[in-house]
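Structural description and commentary
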Amino acid sequence: STRNCPCKMSQLPPKSPLASLVSEGMNSRVESLDNLSMDSFWLEVENIKQSTEAEQEECSLADVKTQEEGEAEAEWLQDAGLSDLLGDHASENDNIVLLSTLTKTQAAAVQRRLDTYSRSRRRKNKHPVRDVRDIFGVVSSEETAAEKEESSPDQLWHNLRTSNVPRKTQDYSCTVRNPGKEEVFNMDVAYSEQAAVLLKGSFLSESRRLKDGNTLTKFKTPKGRLGLTRIGDLSAQDMKKIPTLALIELTALCDVLGFELKRNKAAKLKTTEKRLFGVPLNTLLENDQKLLPNTKVPLLLQALLSCLEKRGLETEGILRVSGSQTRIKSLEQKLEREFYTGLFRWDEVHQNDVSGLLKRFIRELPAPLLTAEYLPAFAAVQNIPDLKQRLQALNLLILILPEPNRNTLKALLEFLSKVVARENNNKMNLWNVSTVMAPNLFMHKGLPNKIPEGKEKQLAEGAADVVRMMIHYQDLLWTVSSFLVAQVRKLNESNSKRYQFCDKRIKNLLRKIHADKDKVEKNQAEPSKIVTVHASLLLKDSLEVHLNNATRVADVLRQFQKNLCQNGWNINTVNLLKCNNSMECSNLLLYEVGGNIGEHCLDPDTYLLDLYHINPHAEWIIKQNPSYPRMF
């Protein structure tokens, strides 16, 4: 009876015939979960059922309607920033910049959607639409557009304008599974390209057998010469480009692996008179930012997590042991009245009731925290038999999430990691926490999807495994891959050059383009360079730095710190951290600003001469770390 809950978990998208070739490996992985208890999962499902039955609330999302042929592809093209390719008067002029940055597998993914969309339009006897080959420049002398099913991805890649996208010859042998050792997680090359090489070489990965959290595979992300980029290191302007690129790359990865990327159609949310529970994240943040500007995580969630961190981390069975449903409902009503007045007394609330409020807050969101559109895709990650490729898909999905959802999810996962770290006291290991939280993240009353008969166990275990990966690998998942950052740079470069075509003096324009190209080539040949680093609010004078192949960001910050001391600044004022007899400037950061990037907080291990060659027109500015108290 506990499995006939009205809140159904999102149904997994069907797998393609190619994906069935690896289903046996996936099944063996799931079967290994038999030794891991799922009692906590089904107990949580029963608690959710009881709370929803008592209220008999209506679904907060409109029913998801079945899309007609071509509608999904049209919506995908729109979300991928390629809406100008749709319609009777489609034009690639506004999309040529984005198209020119795509890799081979990404371009093939776009082409497949355009093919399907074009065929569906023809079947409906509507006005002729542009053939995909007109956009990508593929020419066929004999076959008509209606008769040709799909152009060769190799041919498409040959004709696509991607000459400026750097492509490296990469050794993928490290991706073949070597149990018991730390493995490399490559973020320099597009995931779909890596998968294509593995499939081409028939590198069959061993399916992972799920064990205790302590034995999960360790991954190391090598820092290239340009360092790593975390979510939050890029400007808001550049981060807006990331979800589009991540969607195209995720689709390309699924195409290579033979899995269908299923998305729900976005639905309008129903309004509510409440102020806290059942309120959209955007609305919550808008209200909270009126009180505290720059708030990125709802204040209520911050308060719930803070209360649990102070008094609940040591509580045995925290999150698993449910509080009183009557008390939780009463506390919810009291919070609606008193939270923003500051009169609510958290110290009078039992820890288990607070954990119940936390899970209720997540469930009562009008749309799932993982979003209605991509909840099926998160659930489908369990279908990928290879652990590294599952993490690649999760990394891209997290980048696709809207910023409020992504920030809220990160705050939740950071708290769950703290719970797991106190396992010896609270008896909640990684798997326990994952099985308890999975129903709250993957079940939503606004998405009336049915669970296929006989698939309950597989879906439950798969959902818990996805949550476990998000908790355990969250540092890796919140990294922006280097290949995506490179595509953002290419977009910015191409956009800035596109506006120059307004100049009617073509000769001057061509001369400038060649001059810029010669300048970049000259810069890349320079073994050293003297550059100027500006300081924000600290010193009026700029700092001249001599760059060579060994100069890193950390070296510049240490040199800047030395200048501060020589100019009479007190070391305590600058808030320096002494470690191993060396000074580390713990509250200062170096930013790359302008050129082909908006603003980029640099990894301390970034080699600056390499960065200069990539972006010679940028300024470098030292700023105070916003997470530290201001010094002035």
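Under an unreviewed UniProt entry, the protein chain has the name RHG40 protein and belongs to Fregata magnificens.

Some words on the nonpolar core
Among the nonpolar cores identified, the biggest contains 127 residues, and Leu319, Phe378 and Phe442 are the most heavily contacted of them. Within the second largest apolar cluster, 21 residues are counted, among which are Ala535, Leu543, Leu609 and Ile622.

A look at the packing of helix α16 (residues 387-400) against helix α20 (residues 456-472)
Where α16 contacts α20, the two axes come as close as 11 Å, and the packing angle between them is 75°. The angle between α16 and α20 places the two elements in the roughly perpendicular class. Judged by residue contacts, Leu387, Arg390, Leu391 and Leu394 of α16 engage Asp465, Val466, Met469 and Met470 from α20. Broken down by class, the residue content of the contact of α16 with α20 amounts to six nonpolar, no polar and two charged.

Digging into the pattern of salt bridges
According to the stated counting rule, one finds 23 salt bridges in the structure shown. With a shortest N-O distance of 2.3 Å, glutamate 314 and arginine 422 are connected by a salt bridge. Linking glutamate 314 in the loop between α12 (299-311) and α13 (325-338) with arginine 422 in the loop between α17 (403-421) and α18 (423-426), this pair joins segments that are 108 residues apart in sequence. With a relative accessible area of 40%, glutamate 314 lands in the partly exposed category. For the salt bridge of arginine 558 with aspartate 555, the shortest nitrogen-to-oxygen distance reads 2.7 Å. Of the two residues, arginine 558 and aspartate 555 are both situated in helix α24 (residues 553-566); the distance of three residues between them amounts to about one turn of the helix. Put simply, Lys223, Arg552, Asp555, Arg558, Asp603 and Asp605 are held in one network by salt bridges that share partners.

Digging into the pairing of strand β10 (residues 597-601)
Here strand β9 (residues 588-594) pairs with β10 via four bridges, running antiparallel. Looking at the pairing, valine 593 lines up with glutamate 599 of β10.

Here's the deal with the environment of lysine 218
Looking at the element boundaries, lysine 218 is found in the loop between α8 (191-200) and β2 (219-220). Between the alpha carbons of lysine 218 and histidine 472 there is a distance of 9.9 Å; along the sequence they are 254 residues apart. Not counting residues within four places of it along the chain, the set of residues in contact with lysine 218 comprises Lys181, Glu182 and Glu183.

What to know about helix α19 (residues 430-442)
Working note: α-helix, 3.6 residues per turn, so residues spaced by three or four point in the same direction. Across its 13 residues, α19 extends 18 Å between first and last C-alpha, which sits within 8% of the 18 Å expected from 1.5 Å per residue. Helix geometry: α19 is bent most strongly at valine 436, by close to 30°, with proline proline 439 lying one to four residues after it. The element α19 is largely enclosed, with a buried count of 13 among its 13 residues. At the N-terminal boundary of α19, the capping side chain belongs to asparagine 429, with an oxygen 3.1 Å from the backbone nitrogen of tryptophan 431.

Quick word on the confidence of the model for the protein chain
Of all residues in the protein chain, 66% attain a pLDDT of 70 or more, and the chain-wide mean is 76. Here residues 1-8 is modelled with pLDDT under 50, and outside its nearest four sequence neighbours on either side it reaches 22 contacts, counting other chains as well.

What to know about the packing of aromatic side chains
To describe a pair of aromatic rings, one takes the distance between the centres and the angle between the planes. Per the stated rule, a full pass over the model turns up eight aromatic pairs. Ring centres of phenylalanine 185 and tyrosine 191 lie 5.9 Å apart, and the angle between their planes is 70°; this geometry places the pair in the edge-to-face category. Tyrosine 191 sits in the buried class, given a relative accessible area of 0%. On the basis of an interplanar angle of 80° and a centroid distance of 5.9 Å, the ring pair of phenylalanine 185 and phenylalanine 219 is categorised as edge-to-face. Here phenylalanine 219 lies in strand β2 and phenylalanine 185 lies in the loop between β1 (183-184) and α8, a separation of 34 residues in the sequence. Over the aromatic face of tyrosine 607 sits the side chain of arginine 225, whose NZ or CZ is 3.8 Å from the ring centroid. Between the NZ or CZ atom of lysine 623 and the centre of the ring of tyrosine 591, over which it lies, the distance is 5.0 Å.

Criteria and cut-off values
Residues numbered from 1 in each chain as written. Predicted model: local features only at pLDDT ≥ 70, side-chain atom pairs only at ≥ 80, totals over all residues. Heavy atoms only, no water. Core = buried A, V, L, I, M, F, W, Y, C linked by side-chain atoms within 4.5 Å. Buried < 20%, exposed > 50% of the residue type's maximum accessible area, 1.4 Å probe, protein only. Axes fitted to C-alpha atoms, helices over the stretch in contact; angles between N-to-C directions. Helix = DSSP H or I, 4+ residues; strand = E, 2+ residues; numbered from the N terminus. Parallel < 35°, antiparallel > 145°, perpendicular 65-115°, else oblique. Contact = heavy atoms within 4.5 Å. Nonpolar A, V, L, I, M, F, W, Y, C, P; charged D, E, K, R; others polar. Salt bridge = Lys/Arg side-chain N within 4 Å of Asp/Glu carboxyl O. Pairing = 2+ DSSP bridges. Expected span 1.5 Å × (residues − 1). Bend = angle between axes of the 7 residues up to and from the residue. Polar contact = N/O pair within 3.5 Å; in protein donor to acceptor, adjacent residues only side chain to side chain. pLDDT = per-residue confidence, 0-100. Phe/Tyr/Trp six-rings, centres within 6.5 Å; stacked < 30°, edge-to-face > 60°. Lys NZ or Arg CZ within 6 Å of the ring centre and 35° of its normal.

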